[in-house]
Amino acid sequence: MAPTIGTPTSRVDGHAKVTGEARYAAEFDAPGLAYGSIVGSTIAKGRIARIDASEALRVQGVIDVLTHLNRPHMAEGGGADEDPYRDDVAPEGSPFRPLYDDRIVFSGQPVALVLAETWEAARYAASQVRVDYDEEPHVTDLHRRRDDAVALRERTKVRGDADTAFAAAEVRHAGEYFIAMEHHNPMELFASTVIWDGDGKLTVYDKTQGVQNVQCYLCGVFEMKPEDVRVVSPFVGGAFGSGLRPQYSVALAVMAARALQRSVRLVLTRRQMYTLGYRPGTIERVALGAKADGTLEAVTHEAIGMTSQFEDFARNDTTWSGTLYRSATAKYDHKLARLDVSTPCDMRAPGAATGVYALECAMDELAVALKLDPLELRYRNYSDRDQNEDMPFTSKKLRECYRQGAEAFGWSKRDPQPRAMRDGSELVGWGMATGVWEALQMKTAVRILLTANGHAEVACATSDIGTGTYTIMAQVAADMLGLPLDSISVKLGDSTLPHSPVEGGSWTAASVSNAIASTAKAIRTELLQLAQKMPQSPLAGATPDDVALVDGRIVSKQDAARAVPIADAMRHAAVDRIEQETSADFDEDDGYARNTHSAIFAEVKVDEQLGVIRVTRVVSAVAAGRILNTKTAKSQIMGSVVGGIGMALHEETLIDHDLGRIMNADIAEYHVPVNADVHEIEVIFVDEPDDIVNPLGIKGVGEIGIVGVAAAIANAIYHATGKRVRDLPITLDKLQG
Amino acid sequence: MIDFEYARASDVADAVRRIASDPTAKFIAGGTNLIDLMKGNVERPSRLIDISRLPLKTVEKTAAGGVVIGALVPNSDLSYHPLIEQQYPLLASAIRAGASQQLRNMASTGGNLLQRTRCYYFYDTATPCNKREPGSGCSAIKGLNRMHAILGTSDACIATHPSDMCVGLAALEAKVHVMGPGGERTIVFEDFHRLPGETPHLDTNLHPDEIVTTIELPARGFATNYTYLKIRDRLSYAFALVSVAAALELDGGTITEARLALGGVAHKPWRDPAAEAALRGQAGDQTSFARAADLLLRDAKRFAHNAFKIDLARRAIVRALTQAAQGTPQSQSDKKIR
Ligand SMILES: Cc1cc2nc3c(=O)[nH]c(=O)nc-3n(C[C@H](O)[C@H](O)[C@H](O)COP(=O)(O)OP(=O)(O)OC[C@H]3O[C@@H](n4cnc5c(N)ncnc54)[C@H](O)[C@@H]3O)c2cc1C
Ligand code: SF4
């Protein structure tokens, strides 16, 4: 039986998904289910003066209307150290509390929850709830608050005196870049079906990236015991980070179930999806100083991001140059503009997608100023150490990414002159950029149950948000247990399963796989003990490290002839099941920097007269350690590249700052790329063996694929047109004039 | 969504009778626009009169050499109908430039004419909008107006009509046949949609108790020199920033007849007789095209975010006329601009 790790393996849950067998949070049913519909505030800031639900209550089928005035008890919260509303990934601050009091802190904030016998009645009645507000002046415009932005409490490091070095540099570039506010727009709406199991016990089917995070949050908010709240999320229809934190919808659904003492389903509308977290609009300023030969001498990277008035959300935007390029001096600064909006949240490669966009465009501009090929500039400044922490990398095959990506793309044939390449009425541009992300890993537990019939069940509370977690878990378990893939069943997305952090940060593949390996080793050890109890055991004297599980047998690594079928060993000992649970923990203080890298090459064609932009070709070469499944991993990178095209050309959440309200709150008006916008995408995985990062050498591929894509496209647009647009998205009007 | 009654019309006369007897009723055809608006609480009909099964689903030749199209012919069927593809490829192309295949499969010809603006504020009942709630104010004039009109605007409303098909129909000088309690009448396409003026809540001159039965195209189809060029923020499935239907008849290099209609720039498909007249008798070259574009845009008015549309429209007109003159119409399947 050939190993499945490293092969293009189709999703084990694919059949269930395409046949509709896979059930999502809003599809679970229960007798007597009630339906909720949320009324959102129409103002951005102020107080609720009056709520009149009398009309709504008269609608046939309406059961109740919950508001801050009549809701059941919930914890106080409010920013204390042990604030029960703070979840595992909450930023600093005091999380939003739905229906807590009369304060309005963002437009669309839930102010009432209508509960009815049918979804239609609930939704209609929600339109009949009258709310009066005492409005207060709001500010939702990042640009208006940029000068009042506050510095992050955690100061980043400086290296040398970047200001002086910049002033003295032979060649300089300084520019300001802007990345628009974006929403994740997963296909599946946020939804919770809360089953009232009686006696106050609840089963919560929720759309989330972290069932145990939601469980813990609900226990805090409603002062419940963990054994009384089970959170289940077997399938997730896309999340991109939006499901890392518990949403107000799950809190409201549980509140309703407790108030009514019956099962409740609450599904957000697409418009309400825009009242949740988002990628913060960010202003970035990058200044680069270099010698005439391109050697970097100074890097300054400053960011001003938007956040809410009640939480300070920020991710690392500014220090990526220290991971990528050698520079004697560097200075980073990150500020937050507090606005009357909901709190931003993680969205695919948070911080890097935005920060590296600015850095990589600035590098391109520096290359132009230096009259140097942009790829050559990267080579000349290539850093073998992470200079922020002054550490070596566990592995960094970025040079190979550059080389293989450039070759596949044909970069050497590029005419450096902007506007020099044409195809009929279109200007052709080639641009490139670097991508970088972290190779994180988090303590995770896995349980394996092996039965004598040769079947194994692998269980962990992690999520599969469409990335392929089910599949890689099955693959790793199959290989480690020496069983065929279809003898493995995977259980995940259930808070009663062994502990897992939220699925995010691209850490799941590494964390879960290593935990499977360690649990499989425990199984192997137990099997070996059983095998050694057999008369004349051929494995007598062997240690667990001397044997492997192969093709349903316990086999000596030295001598394949010395083997015992697993079934025989179990049967002989009269054991019909073996269960083991272990955790993989990771020592990240081992003096190494852990990163994934990529090189992106993009071709655009721009109609010279009209400015219509097409991204005709993208090559993404990725170094991300061991690739568990080349098929699902490639899908991750392709999807990310499409996300990068959206970031570069289409995506922007539009706020009317007078109203303080998001206006393009649906997927007809908020544009993501459609098929016509996506042409050739070639994905290359560069071989990157790494036995330091973790025992299996896995780094994760969920986010690296988007980082740098927007920069490569923006740089290509400059190369095509000679016009530098620094504000994303690059819509055709920005190319005018 | 509001509580409403539902009834199916048995024939055209029944449909008219039903709508005339209830001013809060609405026809529903494909439902692709109306149902969205009902979900958003923007339209609140007390009753839906389903006309989707009325026998208005044929495309037939007229004695005059034109065609007559039933109001319930799905957009997809219309655009792939041999009579349309051969005689009016401009219309086929304009339809295919709109929405998505799935929507075009559902959407009806009549419904397409009566679809409402895509102005963000119109869709969000939490905001002031004169079109939705007369007298409440226009949020777009001082707000997000990048998608909005540059021609024929008023102080009350600067919305655009979103249809692509209608831009093609305007260029082809279609006629709209309607039936009301008083019998049939015909509205020339030019007069079907209205400018906002002081009454932006009225999109068209169709009376509330009338139904669109058929649309008639005259014989002249411009099947040789035409194009439909749509410029938008992504390459498919987005409303037009600017679209241009251009149709020419040429004698050698000289333009003998010209039609030019624009979408995405006004409250109705925009035609300008002066611009078309300026093309007639001229050589089909960049100079005459640019002059026509300038003429058509002479009164264009910009708002905070849509100033770019004026220059974009000028360039798009020139490009479309070039495509039409050269007989290289824009393809709606590969999105590369010809
Ligand atoms: C996401 C999205 C994107 C779209 N993009 C585009 C685009 O790019 N270009 C484009 O042109 N269109 C676009 N559309 C709009 C689409 O073309 C219209 O929704 C469709 O044409 C409406 O037809 P329908 O039959 O579904 O109308 P319905 O929704 O059934 O009705 C619309 C209105 O017309 C009235 N009505 C219908 N038939 C008649 C009749 N015979 N007589 C009198 N009144 C009638 C109804 O009462 C209702 O008020 C898009 C729509 C969506 C949802
Ligand atoms: S432009 Fe017209 S539709 Fe838009 S807000 Fe103003 S009045 Fe309403």
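Residues numbered from 1 in each chain as written. Chains lettered and ligands numbered in written order. Predicted model: local features only at pLDDT ≥ 70, side-chain atom pairs only at ≥ 80, totals over all residues. Heavy atoms only, no water.

Each helix and strand counted, chain B has 14 helices and 12 strands in total. Over its C-alpha atoms chain B spans a radius of gyration of 19 Å, differing by no more than 12% from the 20 Å that the globule rule assigns to 338 residues. Along the first, second and third principal axes, the C-alpha atoms of chain B reach 60 × 50 × 35 Å. Expressed as a percentage of its 338 residues, the buried residues of chain B come to 59%. Within chain B, residue pairs in contact and separated by at least 24 positions form 63% of the contacts whose partners lie at least 6 positions apart. (Helix = DSSP H or I, 4+ residues; strand = E, 2+ residues; numbered from the N terminus. Rg over C-alpha atoms; globule rule 2.2 N^0.38 Å. Buried < 20%, exposed > 50% of the residue type's maximum accessible area, 1.4 Å probe, protein only. Contact = heavy atoms within 4.5 Å.)

In this section: the site of ligand 2. Taken together, 13 residues surround ligand 2, and among them Cys119(B), Cys129(B), Cys138(B), Cys157(B) and Ile158(B) come closest. Per-class residue counts for the shell around ligand 2 are nine nonpolar, three polar and one charged. (Near = heavy atom within 4 Å. Nonpolar A, V, L, I, M, F, W, Y, C, P; charged D, E, K, R; others polar.)

Soluble globular proteins tend to bury their nonpolar side chains together. In this structure, Tyr357(A), Phe601(A), Val604(A), Leu649(A) and Ile713(A) are the most contacted members of the largest nonpolar core, which totals 87 residues. Among the elements that line this core, the one with the most residues is helix H10 (residues 352-370) of chain A, at 12 residues. Among residues more than four places away in sequence, those in contact with Leu649(A) are Ile613(A), Val615(A), Ile713(A), Ile717(A), Pro729(A), Ile730(A), Thr731(A) and Asp233(B). Ala75(A), Leu142(A), Val204(A) and Leu218(A) belong to the second-largest nonpolar core, a separate cluster that totals 63 residues. (Core = buried A, V, L, I, M, F, W, Y, C linked by side-chain atoms within 4.5 Å.)

Take the sheet that holds strand E5 (residues 103-104) of chain A next. All names here are of chain A. Taken in spatial order, the three strands line up as E5-E2-E7 in an open sheet, and their pairing is antiparallel. In the strand order of this sheet, the two ends are held by E5 and strand E7 (130-135), each with one partner. Across two bridges, strand E2 (residues 46-52) lies against E5 in antiparallel orientation. By the bridge assignment for E5, Arg 47 is matched with Arg 103. (Pairing = 2+ DSSP bridges.)

What follows covers unusual backbone geometry. All names here are of chain A. Note that the residue after Leu 728, namely Pro 729, is joined by a cis bond; omega there is -5°. With respect to the secondary-structure elements, Pro 729 resides in the segment after helix H17 (709-721). Of note, the phi angle at Ala 349 is positive, near 55°, even though the residue is not glycine. Inspection of the secondary structure assignment puts Ala 349 in the loop between strand E17 (329-338) and H10.

Okay, the domain arrangement of chain A next. Residues and elements named next belong to chain A. Each domain of chain A was delimited in the assignment, giving domain 1 (25-137 + 187-238 + 243-273), domain 2 (282-440 + 590-736) and domain 3 (442-584). The gap between the C-alpha centroids of domain 1 and domain 3 is 40 Å. Each partner contributes residues to the interface: domain 1 has 18 residues there, and domain 3 has 18 residues. Between domain 1 and domain 3, the buried area comes to about 1,300 Å², and carbon and sulfur atoms account for 49% of it. In this structure, the connection of domain 1 to domain 3 is made through one salt bridge. (Domains from an automatic or database assignment. Buried area = accessible area lost by both parts, 1.4 Å probe. Salt bridge = Lys/Arg side-chain N within 4 Å of Asp/Glu carboxyl O.)

This brings us to the interface of chain A and chain B. Taken together, the contacts link 39 residues of chain A with 39 residues of chain B. Of the roughly 3,300 Å² buried at the junction of chain A and chain B (both faces included), carbon and sulfur atoms supply 58%. Where chain A meets chain B, there are six salt bridges. Arg319(B) serves as the salt-bridge partner of Asp607(A), at 2.4 Å between the closest nitrogen and oxygen. Where chain A packs against chain B, one counts 13 residue pairs in polar contact (both at pLDDT 80 or more). Sorting the residues of the side of chain A that touches chain B by element identifies helix H3 (119-126), strand E30 (613-623) and strand E31 (655-656) of chain A as the ones contributing at least two each. Element by element, the count of residues in the side of chain A that touches chain B is highest for H3(A), at three residues. (Polar contact = N/O pair within 3.5 Å; in protein donor to acceptor, adjacent residues only side chain to side chain.)

What follows is about the pattern of salt bridges. Here the structure, examined in full by the defined rule, presents 73 salt bridges over all chains. Measuring nitrogen to oxygen at the nearest pair gives 2.9 Å for the salt bridge that ties Arg594(A) to Asp590(A). The buried category is assigned to Arg594(A), whose relative accessible area is 9%. Exposure remark for Asp590(A): the relative accessible area of 25% places this residue in the partly exposed category. Several salt bridges share partner residues, and in doing so they unite Glu173(B), Glu257(B), Arg259(B), Arg271(B), Glu276(B) and Arg280(B) into one network.

All names here are of chain A. Taken as a whole, this structure holds zero disulfides over all chains when the rule is applied. The cysteine Cys 219 is free of any disulfide, with Cys 216 supplying the nearest cysteine sulfur at 6.7 Å. Assessed through its relative accessible area of 12%, Cys 219 is described here as buried. Cys 216 provides the cysteine sulfur closest to Cys 460, a residue in no disulfide bond, and the two sulfurs are 16 Å apart. (Disulfide = S-S within 2.5 Å.)

Attention shifts here to the domain arrangement of chain B. Domain boundaries in chain B define domain 1 (5-52) and domain 2 (226-326). Here the C-alpha centre of domain 2 of chain B lies 36 Å away from the C-alpha centre of domain 1 of chain B.

For the rest of this paragraph, the subject is the sheet that holds strand E6 (residues 175-180) of chain B. Residue and element names in this part refer to chain B. The sheet built from five strands is open, its strands ordered E4-E5-E8-E6-E7 with antiparallel pairing. The open sheet has two edge strands with one neighbour each: strand E4 (59-61) and strand E7 (183-188). This sheet shows a mean twist of 25° between the axes of neighbouring strands, independent of strand direction. Two elements, E6 and E7, share six bridges in a ladder whose sense is antiparallel. Bridge assignment links Met 179 to a residue of E7, and that residue is Glu 184. Of the strands in this sheet, E6 and strand E8 (211-217) are in contact with helix H1 (residues 12-20), which crosses E8 at around 130°. (Axes fitted to C-alpha atoms, helices over the stretch in contact; angles between N-to-C directions.)

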